[in-house]
Amino acid sequence: MKVGILGGGQLAQMMALKAHELGIKPYVLSSDKNDPAAQVTPFWIKGDIQKLSDLTKFLKKTDIVTFENEFVPTNSLIKAMRKTKTPVRPHPRIIAKLQDRWFQKQLLKKYNIPTSPFFKIDNKKQTLKAFEIFNGRMVLKKRLFGYDGKGTFIVTNIKQIPREKNLIAEKFVPFKRELALILAVGKNQIISLPLVETFQKDFRCYWVKGPVSHPKINTLTKKLKTFLRKIKYQGVIAFEIFETPTELLVNEIAPRVHNSGHYSLDALSKDQFSLHLQAVMGKRLQSPKTVCKGFAMLNLLGKKERSKKWKKIEEVYLHDYGKKLLKKGRKMGHLNSCANSSKKALEKLFRAEKYFQS
């Protein structure tokens, strides 16, 4: 089986590595031979995922195609699918909705999934109206291409309103914790990974720990599964959740493998990347089991790299993405850990992190 992956970043890299373990040939389409995913497969193909001609050539070489992030040219992908008859999963028609935060919110509302109040913003007048309705405290988000805090603006003063177009305005949510839930959707089954807590630093995921619990997660999960069946989703999908004093609110949807699931590489019997590949191929999925009582993941961000002083710490696992260029805030790799509790697992990672200071 030849599985194509659009994109060459770390998510594609980890997917390609797991493809090798599953006996799958991972074909990668990206622009640079030094991309993380290009480094781990002999089936790298140079190309631009925004070009229909490159997409069509790539699809012809593969049996099925998926992607590492949702910012793919859905119209071009649909045209390439028609020309080549190669399936792309999740289907680009679904991704066209989920990659746009306005349509995301509309879908959550349609399927009765709790989320924060929101408005579509097309002009300054609407922005000012939303600011008034939300009592002078709101979050503005770009509808497309927002990630790791890019395109997200917390507004508490009119002067902070950005000169951006195609936005949505959301009520600011004073949450207790940020949680994340990953579901893997096969042909006729949906399985859940453990609920986890996440912590952001400068809008980027800094650490994840789990498993955690919440009395309302089962009710929310049932609604999410109904939603995924209705839209005929296939693959792994992540839901970012705000825990408030009274409820769980879905903040955003990431229709792909997700940073909050990286711990699964070492803490579960089946990781999110293997599950995604098996799901898009239509294989039977097995519910993963935790291999430790508590686990944690910590991103190696910004100007941090592996030090010569690195020493092995028991049950701490390094995942180096092999990126050539260091940038402030860039995800260069991550650490996973296992312990008797999530608290102890995270403490291990904080101790280990100092060995990566440049």
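The following paragraphs examine the structure supplied in this document. Bear in mind the structure is a predicted one, so any value in this text is a computation, not a measurement.

It is worth spelling out the pattern of salt bridges at this point. Applying the stated criterion across every chain, the model contains 12 salt bridges. Across the salt bridge formed by Glu252 and Lys141, the nearest N and O atoms sit 2.8 Å from each other. Placement of Glu252 in strand β14 (residues 248-254) and of Lys141 in strand β6 (residues 138-142) is noted, with a sequence separation of 111 residues between them. Both residues of the pair, Glu252 and Lys141, count as buried. Ionic pairing is found between Lys348 and Glu315, a salt bridge with its closest N-O pair at 3.5 Å. Of this pair, Lys348 sits in helix α10 (residues 342-353) while Glu315 sits in the loop between β15 (294-301) and β16 (316-320), and the two are 33 residues apart along the sequence.

So, on to the sheet that holds β6. Across the sheet, which stays open at both edges, the four strands sit in the order β5-β8-β6-β7 with antiparallel pairing between neighbours. Of all strands in the sheet, those with a lone pairing partner are β5 (118-121) and β7 (152-155), marking the two edges. Each strand axis lies, on average, 25° off the axis of its neighbour in the sheet, ignoring direction. Sheet analysis places β6 next to β7, joined by four bridges and oriented antiparallel. The partner of Leu140 across the bridge, within β7, is Phe153. Taken strand by strand, helix α5 (residues 101-110) contacts β5, β6, β7 and β8 (167-171), and its axis lies near 145° from that of β5. Relative to the sheet, helix α6 (residues 124-133) contacts β5, β6, β7 and β8, its axis offset from that of β5 by approximately 165°.

Take the pairing of strand β12 (residues 204-210) next. Of all seven residues making up β12, seven are buried, and the element is well covered by its neighbours. Strand direction decides the pairing type here: strand β11 (residues 196-201) and β12, joined by five bridges, are antiparallel. Looking at the pairing, Lys201 lines up with Arg204 of β12. As consecutive antiparallel partners, β11 and β12 are separated by two residues, and within that stretch Asp202 has a phi angle of approximately 55°, a positive value. Direction of pairing for β12 relative to β15: antiparallel, over a ladder of four bridges. If you follow Trp207 over to β15, its bridge partner there is Leu298.

Quick look at the nonpolar core now. In summary, soluble globular proteins display a tendency toward joint burial of nonpolar side chains. Ranked by size, the top nonpolar core spans 40 residues in total, and within it Tyr263, Phe273 and Leu275 carry the most contacts. Listing elements by their share of this core, those giving two or more residues are β1 (2-6), α1 (10-21), β9 (177-185), β12, β13 (235-243), α8 (264-267), α9 (272-280) and β15. For this core, the element with the highest residue contribution is α1, accounting for six residues. Setting aside its immediate chain neighbours within four residues, Tyr263 contacts Leu193, Pro194, Val196, Val208, Leu268, Phe295, Ala296, Met297 and Asn336.

Our focus in this paragraph is the pairing of strand β2 (residues 25-30). Across the six residues that make up β2, a large majority, five, are buried. Where β1 meets β2, five bridges bridge the pair, whose relative direction is parallel. Within β2, the residue paired with Gly4 across the bridge is Tyr27. Following the chain from β1 across α1 to the adjacent parallel β2, one finds a crossover that is right-handed. Both β2 and strand β3 (residues 44-46) contribute to a ladder of three bridges, which runs parallel. Residue pairing in the sheet places Leu29 in a bridge with Ile45 of β3.

Cut-offs used in this document
Residues numbered from 1 in each chain as written. Predicted model: local features only at pLDDT ≥ 70, side-chain atom pairs only at ≥ 80, totals over all residues. Heavy atoms only, no water. Salt bridge = Lys/Arg side-chain N within 4 Å of Asp/Glu carboxyl O. Helix = DSSP H or I, 4+ residues; strand = E, 2+ residues; numbered from the N terminus. Buried < 20%, exposed > 50% of the residue type's maximum accessible area, 1.4 Å probe, protein only. Pairing = 2+ DSSP bridges. Axes fitted to C-alpha atoms, helices over the stretch in contact; angles between N-to-C directions. Contact = heavy atoms within 4.5 Å. Core = buried A, V, L, I, M, F, W, Y, C linked by side-chain atoms within 4.5 Å. Right-handed = clockwise from strand over helix to strand, strands pointing away.

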